[in-house]
Amino acid sequence: MSGLSFLAGICLSVISVTIAEISCRNEAGDPVDWFVLYKLPMFQINKSAGSGLDYLYLDSKMQGWQLSKLQINMTESAVGQVLQQLYQTYNKNDTAYMMYNDAHPQDGNYTTKQGHTKGFLLLDKTQGFWLIHSVPHFPPFPENGYGYPSTGRLYGQTAICVTYKYDQFKEIGSQLLYYNPPVYNCSIPDMYKKELWSLNTICTGSRFPWIEQKRLIPLESAQGEQFLNFAKSKYYIDDIYTAWIAQQLKTNLLAESWKPKNTYLPSNCSLQYHVYNIKQIDLPMRSSFCSHYDHSKWCVSQTYKDQWTCIGDLNRYPYQIFRSGGFICTQNKIIYNAFRKMVADCYNCTSS
């Protein structure tokens, strides 16, 4: 074999290993450390109704939001690319996965007995991803292939995907015990059951061990990005934004979550660090929408120097103080600027 042929063989081997790694993926199908997306609502201010399928996209290789040329119901979309890995390997015994949603993707039912939480994860003995989102009835079962529910079009939605090395999933599994996620499809093969006992406990519906009210842990992405994960159990009966996240991060928060008419929690200035409900979102494309049309759940530091962004499961809604769920938080400057610059107006504590 010639030297060039030998080198070419090595290069191809490296490429094939890279492609095979389980990871968050961009729209080209290439691995990325993390991505966030914001599915836009169908109705925006002073604009005709849209498709409800367009989305903003940002990943670890970018500097700001980009309006995708794709739509979220396409397999080539960022979420579609990620899910293809799960759909292509779900019946193998060398990968573990879990899909959960309090709004079941097939029968359309909602559960209030478990966490108000939505997401899916896939991993092998090297690494994997955990994607947290806000879309009811999503994603479809693996055998049904990729699709996006018509019920997910009207409101805005968010998703964050992070790639983690294998060891981090031991901690993620422990956090999910607090979330108590409504799992509708999963597989934890025998080779994972001892180390990832918590994921196996959740997957099989076994009796949970005793857990405390809440748990906060650091997580590190595959490429070293630092995150905090807030996990709230049903025993922690309070607004996670005001009582915990704001006070823990020592920063005032601007919060966006679903706001059913006259039933959401008002802005709260009762503690040292305050939480203000967002009223209007301005988009990079010189358009905007009212928070009434948003089903996403996120918050950002009011002060730019703090740079916190949190994306997760729970709304500022009275009944959800009794529900379990969580948030993933980061001080990544690019993510923070992307979300913070969209905040156009907020309710103060006297007008909310």
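Residues numbered from 1 in each chain as written. Predicted model: local features only at pLDDT ≥ 70, side-chain atom pairs only at ≥ 80, totals over all residues. Heavy atoms only, no water.

Side note on the confidence of the model for the protein chain
Atomic detail in the predicted coordinates should be set aside for any region of low pLDDT.
Okay, so step 1: The pLDDT averaged across the protein chain works out to 93; a share of 94% of its residues lies at or above 70.
Okay, so step 2: Note that residues 1–19 has pLDDT below 50 and, in this model, four contacts with residues that lie over four places away or in other chains. (pLDDT = per-residue confidence, 0-100. Contact = heavy atoms within 4.5 Å.)

Observations regarding the state of the cysteines
Okay, so step 1: Under the criterion given, the structure shown has four disulfides.
Okay, so step 2: When the bonded cysteines of the protein chain are numbered from the N-terminus onward, they pair as 1-2, 3-4, 5-8, 6-7.
Okay, so step 3: Distance from the sulfur of C299, which forms no disulfide, to the nearest cysteine sulfur (C310) is 4.2 Å.
Okay, so step 4: Looking at C346, it has no disulfide partner, and the nearest cysteine sulfur is the one in C349, 11 Å off. (Disulfide = S-S within 2.5 Å.)

Digging into the nonpolar core
Okay, so step 1: Residues F35, W130 and F339 are the most contacted members of the largest nonpolar core, which totals 81 residues.
Okay, so step 2: Setting aside its immediate chain neighbours within four residues, F339 contacts V36, Y38, W65, T158, W298, V300, T309 and I311.
Okay, so step 3: If you look at the next biggest cluster of nonpolar residues, it comprises 19 residues, including F230, Y236, I240 and F327. (Core = buried A, V, L, I, M, F, W, Y, C linked by side-chain atoms within 4.5 Å. Buried < 20%, exposed > 50% of the residue type's maximum accessible area, 1.4 Å probe, protein only.)

Describing the pairing of strand β12 (residues 226–232)
Remember that side chains alternate between the two faces of the sheet whenever the strand is regular.
Okay, so step 1: Burial within β12 is extensive, with six of its seven residues counted as buried.
Okay, so step 2: If you look at the hairpin formed by strand β11 (residues 214–220) and β12, you'll find five residues sitting between the two strands, and G224 has a positive phi there, around 95°.
Okay, so step 3: Pairing of β12 with strand β18 (residues 325–330), which is carried by five bridges, proceeds in the antiparallel orientation. Of the residues in β18, the one forming a bridge with N229 is I328. (Helix = DSSP H or I, 4+ residues; strand = E, 2+ residues; numbered from the N terminus. Pairing = 2+ DSSP bridges.)

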